[in-house]
Amino acid sequence: MNLDLNEEQRLIQQTAREFALSELAPVAGELDRGGDRQVFFDNLQKLAELGFMGLNIREEYGGAEAGVVAFSVALTEIARACAATAVTVSVNNMVCEVIQSMGSDEQKRRYIPKICSGEYPAGAFALTETGAGSDPAGMTTTAVRDGDDWVLNGAKIFITSAPFAGVFVVWAVTDKAAPKGKGISCFLVEGGTPGLIVGKAEQKMGQHASSTNEVLLQDCRVPASALLGKLNDGFRIAVSELGGGRIGIGSLGLGIGLAAMEHATRHALDRSQFGQKIGQFQAIQWKLADAYTELEAARLLLMNAAFQKEQGRPFAKEASMAKLYATEAANRACYEAVQILGGYGYTRDYPVERYARDARITTIYEGTSEIQRLIVSREILKSFS
């Protein structure tokens with residue numbers, strides 16, 4: 001079994017690593033503290049020009065056509081430097097992929113190149129509602145046909161990149177009489193469409209440079225051509241596309257965890273107590289050994305999930321396993337890094353407190369750890385029945 005990256009994947013990984021070190025890492029702390037947002041947007045544009053906004057998108061639509069493994073390793077490198085930038089890249093790729101997978105030729109040519117090129121700084125994935133988080137089938141946003149148009153009404157929450165998204169993928173109930181989850185459809189709504197209102201910005205624990213907002217839909221009128229995929233097939237679209245998103249968030253978590261442990265390792269080699277470097281103490285050595293072992297296991301799970309998807313094989317269980325393990329391992333690594341740094345780890349003079357805050361959300365969005373366990377167990381039980 002060959003676990004090595006191919007030449008193209010290695011080049012993409014190296015390019016992402018060099019960009020992250022030179023452009024993202026120096027400004028990540030300042031952006032976390034509310035620094036110049038234009039720097040954030042400039043870096044998104046540079047990443048688009050490097051091809052990172054459409055890594056698994058066909059070249060005819062402006063993508064890099066590099067595959068899912070390349071997407072995973074690139075996102076890990078970006079997240080090592082700036083998690084807020086990484087989540088934007090992840091969602092952009094996910095929006096492009098759902099349009100490529102389900103969109104009409106017109107929709108693909110209209111929207112995907114704009115995200116890949118950076119003309120649209122971002123795309124947005126508008127699924128979650130106050131009463132429909134882990135249970136998206138419980139959404140109440142509606143879309144009603146009116147002549148040649150659809151009229152959308154409702155509210156979405158926790159929408160990444162909402163203030164500057166060029167296009168939103170919006171889910172809404174189109175058949176209230178259908179069984180739960182069966183009457184949902186998916187629409188492409190351009191930013192700035194009358195009736196689409198970007199609302200309250202969330203004041204989050206971490207990933208501060210990534211905008212997260214409420215989105216209101218108030219008599220938002222879109223043409224019939226805005227329907228993405230088949231009518232009343234939206235729930236299936238959401239479930240299938242979230243699998244790919246979980247590879248992205250797992251990779252993001254891995255990157256944060258690696259960054260935290262790398263900083264902690266350097267600190268252990270530099271900091272002295274009781275007459276020797278703290279890295280000489282078994283207590284610290286075992287923390288490092290356990291964390292790096294878990295992060296390597298996470299990497300292998302992510303590579304397997306990405307490979308399965310890239311080969312066109314079923315990958316839902318593998319993606320959920322990878323997301324579950326990688327994000328929880330990342331959280332453990334970040335908290336161990338804080339512990340290794342002691343009091344310094346709790347201060348903003350060192351980046352590990354930011355890593356710990358940034359990592360925390362990874363076990364929640366794109367499906368909580370609890371939902372991942374449900375998916376994994378369901379797939380295992382199905383295989384035995």
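Since this is a predicted model, take the numbers as computed values, not measurements.

A. A look at the UniProt feature "domain: Acyl-CoA dehydrogenase/oxidase C-terminal" (unreviewed entry) in the chain. Mapped onto the present numbering, the UniProt feature "domain: Acyl-CoA dehydrogenase/oxidase C-terminal" (unreviewed entry) falls at residues 232–380. Within residues 232–380, the helical portion is 76% and the strand portion 3%, while the C-alpha atoms at the span's ends are 28 Å from each other.

B. The nonpolar core, seen in detail. Counting residues in hydrophobic clusters, the biggest one holds 101 residues, and the most contacted among them are Val95, Phe125, Val169, Trp171, Leu252, Ile256 and Met261. Per element, the largest residue contribution to this core is 14 residues, and it comes from helix α6 (residues 234–270). Excluding residues that lie within four positions of it along the chain, Phe125 makes contacts with Val91, Met94, Val95, Ile159, Val169, Trp171, Glu241 and Leu242. Counting 20 residues, the second-largest nonpolar core is a separate cluster that includes Leu152, Phe187, Val215 and Leu217.

C. Structural detail: the packing of aromatic side chains. Summed over the entire model, instances satisfying the criterion amount to seven aromatic pairs. Centre to centre, the rings of Phe40 and Phe164 are 6.4 Å apart; their planes meet at 70 degrees, and the pair counts as edge-to-face. Note that Phe40 is positioned in helix α2 (residues 37–49) and Phe164 in the loop between β3 (149–160) and β4 (165–173), a separation of 124 residues in sequence. Residue class for Phe40 comes out buried when judged on its relative accessible area of 0%. Through pairs of rings, three or more aromatic residues link up here, namely Phe40, Phe41 and Phe164.

D. Here's a closer look at a negative patch on the surface. Side chains of Glu7, Glu8, Glu59 and Glu65 sit close together on the surface and give a patch of like negative charge. Its place among the elements puts Glu59 in the loop between α2 and α3 (68–81).

E. Representation of the UniProt feature "domain: Acyl-CoA dehydrogenase/oxidase N-terminal" (unreviewed entry) in the chain. Summarizing the sequence annotation, UniProt attributes the feature "domain: Acyl-CoA dehydrogenase/oxidase N-terminal" (unreviewed entry) to residues 6–119 in the numbering used throughout. Along residues 6–119 the backbone is 75% helical and 0% strand, and the end-to-end C-alpha distance reaches 30 Å.

The rules we used
Residues numbered from 1 in each chain as written. Predicted model: local features only at pLDDT ≥ 70, side-chain atom pairs only at ≥ 80, totals over all residues. Heavy atoms only, no water. UniProt positions renumbered as here; feature names shortened; annotations may be inferred. Helix = DSSP H or I, 4+ residues; strand = E, 2+ residues; numbered from the N terminus. Core = buried A, V, L, I, M, F, W, Y, C linked by side-chain atoms within 4.5 Å. Buried < 20%, exposed > 50% of the residue type's maximum accessible area, 1.4 Å probe, protein only. Contact = heavy atoms within 4.5 Å. Phe/Tyr/Trp six-rings, centres within 6.5 Å; stacked < 30°, edge-to-face > 60°. Patch = residues over 30% accessible without salt bridge, like charges linked within 9 Å, V, L, I, M, F, W, Y side chains within 5 Å. Areas by Shrake-Rupley, 256 points an atom, 1.4 Å probe, with all protein chains shown as cover. Salt bridge = Lys/Arg side-chain N within 4 Å of Asp/Glu carboxyl O. Lys, Arg positive; Asp, Glu negative; His and termini not counted. Charge placed at Lys NZ, Arg CZ, Asp CG, Glu CD.

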